[in-house]
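Next come the chains, spelled out residue by residue.
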Amino acid sequence: MAETPPKIKVGAFEVAFLADGFWRNDGGCMFGVVPRELWKHNHPPDEHNRIRLNLTCPLIVKGADAILVDTGIGNRLSTVERQIFDHGDGWIPAHLRALGMEAGDVTHLIVSHLHFDHCGGIVRRRDSGALEAAFPRARIFVQKGELEIAGNPRNERLHAAYRHAAEVLAPVRSMLEAIDGDTDIVAGVRAVVTGGHTRDHQAALVSDGGECFMHLADIVPTRSHIRGPWNQAYDLDALRTMEQKGRYLGLAAEKRWWLSFAHDDTVFAAMVRNDRGRIVLGDTVPVSERLFQ
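To keep things clear, this report deals only with the structure shown in the data block. Position numbers for residues count from 1 along each chain, tracking the sequence in the order it is written. This being a predicted model, a pLDDT of at least 70 is required before a residue's local features are given, and a value of 80 or more before pairs of side-chain atoms are given or counted; all residues contribute to the totals for chains, interfaces and linings. Computation of side-chain values covers all heavy atoms of the structure but excludes hydrogens and water.

## Considering the layout of surface pockets
One number sums up the size of the largest pocket: a volume of about 330 Å³. H115, F116, A161, R163 and Y234 are, among the 21 residues lining the largest pocket, the residues nearest its centre. Secondary structure is summarised from DSSP: a helix means a run of H or I of at least four residues, a strand means a run of E of at least two, and numbering begins at the N terminus for each. Ranked by residues supplied to the lining of the largest pocket, first place goes to helix α7 (residues 156–161) with four residues. For this scheme, ten residues count as nonpolar: Ala, Val, Leu, Ile, Met, Phe, Trp, Tyr, Cys and Pro. Four count as charged, namely Asp, Glu, Lys and Arg, and the remainder, Gly too, count as polar. Its residues assigned to classes, the lining of the largest pocket comprises 11 nonpolar, six polar and four charged. Considering only enclosed or pocket space, the second largest pocket measures out at about 160 Å³ in volume. Both cavities and pockets are sets of points on a 1 Å grid over the protein atoms alone; in a cavity a 1.4 Å probe fits but cannot get out, in a pocket the set is open with protein on both sides within 12 Å along at least five of seven lines, and lining residues sit with an atom within 4 Å of a point. Forming the walls of the second largest pocket are N42, R223, S224, I226, R227, R278, I279, V280 and L281. Taken together, the residues of the lining of the second largest pocket sort by class into four nonpolar, two polar and three charged. Grid points are joined across faces, edges and corners, and a volume is the space filled by probe spheres set on the points.

## A word on the pattern of salt bridges
Any Lys or Arg side-chain nitrogen found within 4 Å of a carboxyl oxygen on Asp or Glu counts as a salt bridge. Here the structure, examined in full by the defined rule, presents 19 salt bridges. Residue E37 is joined to K40 by a salt bridge in which the shortest nitrogen-to-oxygen separation is 3.0 Å. In this structure, the salt-bridge partner of R50 is D46, at a minimum N-O distance of 2.9 Å. Neither residue differs from the other here; R50 and D46 are each classed as buried. Only protein chains enter the calculation, and the probe is 1.4 Å; a residue is then buried if its accessible area is under 20% of its type maximum, exposed if over 50%, and partly exposed in between.

## Quick notes on the nonpolar core
Soluble, globular proteins show a tendency: their nonpolar side chains are buried together. By size, the foremost hydrophobic cluster in this structure holds 33 residues, and its most contacted members are L59, L114, I122, F135 and I140. Elements that contribute at least two residues to this core include exactly β2 (13–19), β5 (56–62), β6 (65–69), α4 (92–98), β10 (139–143), α6 (144–151) and α8 (165–169). Here a residue-residue contact requires only that any non-hydrogen atoms of the pair lie within 4.5 Å. Residues within four places of L114 in sequence aside, it is in contact with C119, V142, E146, L147, A150, A161, Y162, A165 and L169. As used here, the term nonpolar core means buried Ala, Val, Leu, Ile, Met, Phe, Trp, Tyr and Cys residues forming a set that is joined through side-chain atoms within 4.5 Å. Of all hydrophobic cores here, the second largest spans 28 residues; its members include I60, I67, F213 and V285.

Structure (structure tokens):
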């Protein structure tokens, strides 16, 4: 039995920080134009220049509603891809069991975008090799524009970014709900379009009783990305990412929101504060190594 994932309260909502486990990706890709000498201290690279990352998937619960935000990589990678990214079968099923839940209890799924490390766990590979819906009762919410681009990438860069999407989406076509712009998923939980990382990238915002929590997904993937110009090489529109990052980090510092990081390997979530014009971490929810033992 895995350790129980940590939780926070947001009004009447409970947010549990599930994770699909650690993985590794190229540090240069994760930090773009930021020199290695600056990021290597908090994110030490291995001999292949890969840094350790997490796959945070917040589960937002209130009453009968259980809303999962993103799904990580899942267990569908090839043997070669598993070696490249140093990822196994994923931990979300174990973390659900630790909460006394199972995959069928997830009622809604908000997918920030359709890159493999956020949408791969929408499906699970059976022992036979066949893929099936990982959350069989969930309504799956993806931006209409994201689905369109993933289905018809217009250049080589987009084709590479969405190379996994067709296989992931095929078994769940009947469960997909294409949304167009900011959309209420349930009362108090909203999908908010940010753009930046992809054209139609979306975040999840929870608000209740004057309290707020936001999962910004790949707008602020790690604690180090709270710096304005620290962006990923993967961002299609880095200036848009910086604009949206500044907007929501400013709101979070002013109004004491919780924010969670999609890929930080030591911090699931934090409250941020403005320290003489610089956004810094305040209270945090740390990542426990025991979650993955």
